[in-house]
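Reading the structure
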Amino acid sequence: MLTIKVPATSANLGPGFDSIGLALELYLTLKVEGPQDHWQIEHTLGADVPADEHNLILKTALALIPDLTPQRIKMTSDIPLARGLGSSSSAIIAGIELANQLGNLGLTDYDKLQIAVRLEGHPDNVAPAIYGGFVVATYDDVAADAISAPVEHVHALTYIHNEELLTSASRAVLPKQIPLAEAVKTSSASNVLVAAVLRGQLDVAFRMMERDHFHETYRRDLVPHLAKIRAAAHECDVYGTYLSGAGPTVVTLVSEAKATTAFQQLIGLDLPGKWLNLGVARQGM
Ligand code: HSE
């Protein structure tokens, strides 16, 4: 039996809009048995997840190899849909790997990144889903590139809001242009964030995560709980709260030493969603 396991991802980390992401220990898993007369997808994820060729995993695999031999796929996932934890990216990566393995394509991680970014449109979820850890990525019309680095002893205190927020709706509120002064402030914070992670200066990195003016400034009315969680985290002397991807999930990254105390404080907030204390996934798919 073939098993494919892909982590959830949290994108942006504040100022790293469409460029920085983190793999989290929350997974989409496929167990693949075949061959069969026709495709069979079994899951208990509800009616929103198709169990036929409209399923994003299978659609992605069949886009790469249209005559792929049908299989029986048992799919389980702890990644909530449309919450800002990269569920569609994880499905795309799973589909690419399904075609790669069944069709013996011999794709490298770099090849998978090129295909995934063309399908997803930006690399900050698909890249950490492939590489694991903390990933910085870029893309243009020609190619995507990504560098991953491990981050140790960091927890992601993750608030999953109870209502969906579609990425398309959350991107629709973004301006077409950003004032130069705001762009300079944000891109320099993003540069320092990356350097701080690479040097292991996590306190600096966490502070930089709260200096975004590329997207959170425009999305804050969609996610009023972001300000509430950030303020509560500051009361525990914790400074790494950001909107995960396009939201509505909010993540507070915190050192292992402060994680338990901060988590207890945050889960006491009067909010309708659910909280998870997640580790960073070292491995991608
Ligand atoms: N960087 C993307 C955004 C992630 O913030 O819109 C969502 O998929």
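Quantities reported herein were computed from a predicted structural model and do not represent experimental measurements.

Comments concerning the UniProt feature "binding site: ATP" (unreviewed entry) in the chain
- Look at the UniProt record and you will see "binding site: ATP" (unreviewed entry) annotated at Pro-80, Leu-81, Ala-82, Arg-83, Gly-84, Leu-85, Gly-86, Ser-87, Ser-88, Ser-89 and Ser-90.
- With 28 C-beta atoms packed within 10 Å, Leu-85 lands in the buried category.
- Each residue touching Leu-85, except ones within four places of it in the same chain, is listed here: Ala-8, Thr-9, Ser-10, Leu-26, Ile-79, Pro-80, Ser-244 and Thr-249.
- Relative to the elements of secondary structure, Gly-86 occurs in the loop between β4 (72-77) and α2 (87-102).
- Each residue touching Gly-86, except ones within four places of it in the same chain, is listed here: Ala-8, Thr-9, Ala-11, Asn-125, Ala-129 and Gly-245.

Re the packing of α2 against helix α3 (residues 109-120)
- With their axes 10 Å apart at the nearest point, α2 and α3 run at an angle of 135° to one another. If you check the angle between α2 and α3, you find them oblique. The crossing of α2 and α3 is right-handed. Residues Ser-89, Ile-92, Ile-93 and Ile-96 of α2 touch α3, and the partners they reach there are Lys-112, Ile-115, Ala-116, Leu-119 and Glu-120.
- Tallied by class, residues from the contact of α2 with α3 come to six nonpolar, one polar and two charged.

Considerations on the site of the ligand
- Ala-11, Asp-18, Thr-167, Gly-245 and Ala-246 are the nearest of the 13 residues found near the ligand.
- Here the shell around the ligand gets three residues from one element, more than from any other, and that element is helix α5 (residues 167-172).
- Its residues assigned to classes, the shell around the ligand comprises three nonpolar, seven polar and three charged.

Looking at helix α10 (residues 256-267)
- The end-to-end C-alpha separation of α10 is 17 Å, in line with the 16 Å expected for 12 residues at 1.5 Å each.
- When α10 is considered as a whole, its buried residues turn out to be Ala-259, Ala-262, Phe-263 and Leu-266. Across the axial projection of α10, the buried residues extend over an arc of 110°, all falling on one side. Residues of α10 that are exposed and point over 90 degrees away from its buried face: Ala-257 and Gln-264.
- The elements touched by buried residues of α10 are β7 (154-160), α9 (225-235), β9 (250-255) and β10 (274-279).

Description of the pairing of β9
- Most of β9 is tucked away, with five of its six residues classed as buried.
- Here β7 pairs with β9 via six bridges, running antiparallel. In the sheet register, Val-154 faces β9, and the bridge partner there is Ser-255.
- In this sheet, β9 lies alongside strand β8 (residues 241-243) in antiparallel orientation, the contact comprising three bridges. Each bridged residue has a counterpart across the sheet, and for Thr-241 the counterpart in β9 is Thr-252.
- Between β8 and the antiparallel strand that follows it, β9, lie six residues; Gly-245 among them carries a positive phi value of about 55°.

Focus: the nonpolar core
- Of all hydrophobic cores here, the largest spans 73 residues; its most connected members are Leu-24, Ile-93, Ala-94 and Val-126.
- Setting aside its immediate chain neighbours within four residues, Val-126 contacts Ser-89, Ile-92, Ile-93, Leu-113, Ala-116, Val-117 and Glu-120.

Quick word on the packing of helix α1 (residues 56-64) against α2
- One can describe the packing of α1 onto α2 by two numbers: an axis separation of 7 Å at closest approach and a directional angle of 40°. As far as their axial angle goes, α2 and α1 are oblique. The crossing of α1 and α2 is right-handed. The residues of α2 that touch α1, namely those facing Leu-56, Ile-57, Leu-58, Lys-59, Thr-60, Ala-61 and Leu-64, are Ser-88, Ala-91, Ile-92, Ala-94, Gly-95, Ile-96, Leu-98 and Ala-99.
- Each residue belonging to the contact of α1 with α2 can be placed in one class, and the counts come to 11 nonpolar, three polar and one charged.

Regarding α1
- If you check which residues of α1 are buried, you get Ile-57, Leu-58, Thr-60 and Ala-61. Axial view of α1: buried residues confined to an arc of 160°, hence all on one face.
- Packed against the buried residues of α1 are β3 (40-42), α2 and α3.

The rules behind each value
- Residues numbered from 1 in each chain as written.
- Predicted model: local features only at pLDDT ≥ 70, side-chain atom pairs only at ≥ 80, totals over all residues.
- UniProt positions renumbered as here; feature names shortened; annotations may be inferred.
- Buried ≥ 20, exposed ≤ 12 C-beta atoms within 10 Å, placed from the backbone.
- Contact = placed C-beta atoms within 7 Å.
- Helix = DSSP H or I, 4+ residues; strand = E, 2+ residues; numbered from the N terminus.
- Axes fitted to C-alpha atoms, helices over the stretch in contact; angles between N-to-C directions.
- Parallel < 35°, antiparallel > 145°, perpendicular 65-115°, else oblique.
- Left-handed = near helix turned anticlockwise from the far one by under 90°.
- Nonpolar A, V, L, I, M, F, W, Y, C, P; charged D, E, K, R; others polar.
- Near = placed C-beta within 6 Å.
- Expected span 1.5 Å × (residues − 1).
- Arc of directions from axis to C-beta.
- Pairing = 2+ DSSP bridges.
- Core = buried A, V, L, I, M, F, W, Y, C linked by C-beta atoms within 7 Å.

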